[in-house]
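Descriptive analysis of the structure
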Amino acid sequence: MDAAHWSLEQGAPQAGRTAVVTGANTGVGLEVARGLAVLGATVVLACRNSAAAAQARSDIRRSAPEARVEVVHLDVSDLTSVRACADVLRAGYPVIDILVNNAGVMHQSRQVTPDGFEGDLGTNFLGPFALTGLLLDRLRASPAGRIVAVSSKTHRSGRIAFEDLQSEKVFTMAKAYAQSKLAQLMATYELQRRLESAGSAAIALAAHPGGTRTSILREQPGAIRWVFDSRFRYLTGWFTQGPAQGALPMLRAATDPAATGGQFYGPGGRFEQIGPPVPVRAAARALDVDAQRRLWAIAEEFTGVTYSLPGGPA
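Residues numbered from 1 in each chain as written. Predicted model: local features only at pLDDT ≥ 70, side-chain atom pairs only at ≥ 80, totals over all residues. Heavy atoms only, no water.

**Structural notes on the packing of aromatic side chains**
Summed over all chains, the structure comprises 5 aromatic pairs. Geometrically, the ring pair formed by Phe117 and Phe302 is stacked, given 5.3 Å between the ring centres and 20° between the ring planes. Taken together, the positions of Phe117 in the loop between strand E4 (98-101) and helix H4 (119-134) and Phe302 in helix H11 (residues 289-303) put the pair 185 residues apart, joining distant regions of the chain. Relative accessible area serves as the criterion here: at 9%, Phe117 is assigned to the buried category. Aromatic side chains Phe129 and Tyr307 sit 4.8 Å apart centroid to centroid with 45° between the ring planes, which places their arrangement in the tilted category. Here Phe129 is found in helix H4, whereas its partner Tyr307 is found in the segment after H11, with 178 residues between them in sequence. For Tyr307, a relative accessible area of 5% gives the class buried. (Phe/Tyr/Trp six-rings, centres within 6.5 Å; stacked < 30°, edge-to-face > 60°. Helix = DSSP H or I, 4+ residues; strand = E, 2+ residues; numbered from the N terminus. Buried < 20%, exposed > 50% of the residue type's maximum accessible area, 1.4 Å probe, protein only.)

**Quick word on helix H1 (residues 27-38)**
Look at H1: 17 Å from first C-alpha to last across 12 residues, which is about the 16 Å you get at 1.5 Å a residue. Among the 12 residues in H1, 11 count as buried, and that is most of the element. All of the buried residues along H1 are Gly27, Val28, Gly29, Leu30, Glu31, Val32, Ala33, Arg34, Gly35, Leu36 and Ala37. Those residues of H1 that are buried lie in contact with strand E1 (18-22), strand E2 (42-47), helix H2 (50-63), E4, helix H9 (243-246) and helix H10 (248-255). (Expected span 1.5 Å × (residues − 1). Contact = heavy atoms within 4.5 Å.)

**Quick look at the side chain of Ser152**
With respect to the secondary-structure elements, Ser152 resides in the loop between strand E5 (146-150) and helix H6 (173-197). The exposure class of Ser152 is buried, given its relative accessible area of 9%. Each residue touching Ser152, except ones within four places of it in the same chain, is listed here: Tyr177, Lys181 and His208.

**Regarding the environment of Val38**
Within the secondary structure, Val38 is located in helix H1. When the C-alpha positions of Val38 and Glu66 are compared, they lie 8.9 Å apart, and in sequence the two are 28 residues distant. For Val38, the contacting residues outside a window of four places in its chain are Leu8, Ser63 and Ala64.

**Some thoughts on the pattern of salt bridges**
Applying the stated criterion to the full structure yields 12 salt bridges. With its nearest N and O atoms 3.5 Å apart, the salt bridge here joins Asp97 to Arg17. Here Arg17 lies in the segment before E1 and Asp97 lies in the loop between helix H3 (79-92) and E4, a separation of 80 residues in the sequence. Exposure remark for Asp97: the relative accessible area of 5% places this residue in the buried category. When salt bridges with common partners are traced through the structure, they connect Glu31, Arg34, Asp59 and Arg62 into a single cluster. (Salt bridge = Lys/Arg side-chain N within 4 Å of Asp/Glu carboxyl O.)

**Here's the deal with the sheet that holds strand E7 (residues 264-267)**
Strand order in the open sheet formed by 8 strands is E3-E2-E1-E4-E5-E6-E7-E8, with mixed pairing between adjacent strands. Single-partner strands in this sheet number two, and they are strand E3 (69-73) and strand E8 (277-279). If you compare each strand with its neighbour and ignore which way they point, the axes differ by 20° on average. Pairing of E2 with E3 involves 5 bridges; the strand directions are parallel. Residue pairing for E3: Ala46 is matched across the bridge by Val72. In the packing of H4 onto the sheet, the strands contacted are E1, E4 and E5, and the crossing angle to E4 comes to about 170°. Strands in contact with H10 are E4, E5, strand E6 (203-207), E7 and E8; relative to E5, the strand with the most contacts, it is inclined by about 160°. (Pairing = 2+ DSSP bridges. Axes fitted to C-alpha atoms, helices over the stretch in contact; angles between N-to-C directions.)

**Examining the environment of Leu134**
With respect to the element layout, Leu134 can be found in helix H4. A C-alpha to C-alpha distance of 9.9 Å links Leu134 and Leu89, two positions 45 residues apart in sequence. In contact with Leu134, other than residues within four places in its own chain, are Val82, Arg83, Ala86, Arg90 and Val305.

Here it is, written out as structure tokens:
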């Protein structure tokens, strides 16, 4: 197959490499972890629900009996948990080759994290930002480290409301989620620029799963839940796909030997909803360097995590 029809078999062998996947106990995260294990990586499932993560570990081992699969506790919405998880990972792994920041939420009403942040922003952006920063030296210790942010095509409808970043004045489910996913993508581009400025071998990339049937989709208002009913799959298959297919953009970002820093992958089929993973374009506002830097400074202030990297070229 050529690059436009990429499949897991085209991923580089991962034997001897360590991958950490957040939110890996179900859905796309589970399938990303499974794919990395099949390619030979040692995979660490960083999950909030330890019992579900243990079940996921057993599931993955059925697909890759020789794989080393470990579980660590992580509630990415809680910075205390993020720091504790980073401490465990740093103690156990002097080198981390791949970090996939997959864990995420989409709250239907305004929620607040244990640290006082709006729930979507805190979970989808600030928690992964902190975890990445705390593990950065381990990722840079890899000869070919990769940091993969799991964004969403809905970032294109997002806007960073610097005047109301915590959605205290106005909250809508769609607005808060799109903002958090746009923020995650913007931070990926800023991180890649800083890695390049530091001469680092590690790269930062992003990917989105398209119209994948995940728990986030399932939790939306009742009218959309019928997409999970197999009786309608002949219809829903035109615009949704299963988690195994939805995981491929992240797996390509993590394992394709030809992938480069700053790339963004998504499904190449109808409206980026389904299909094999291909490079896709980000919204123009995601590429605003001044906004990226402003957001980065806010994230460092909010999380208390400062990256030991230069700020990038002017």
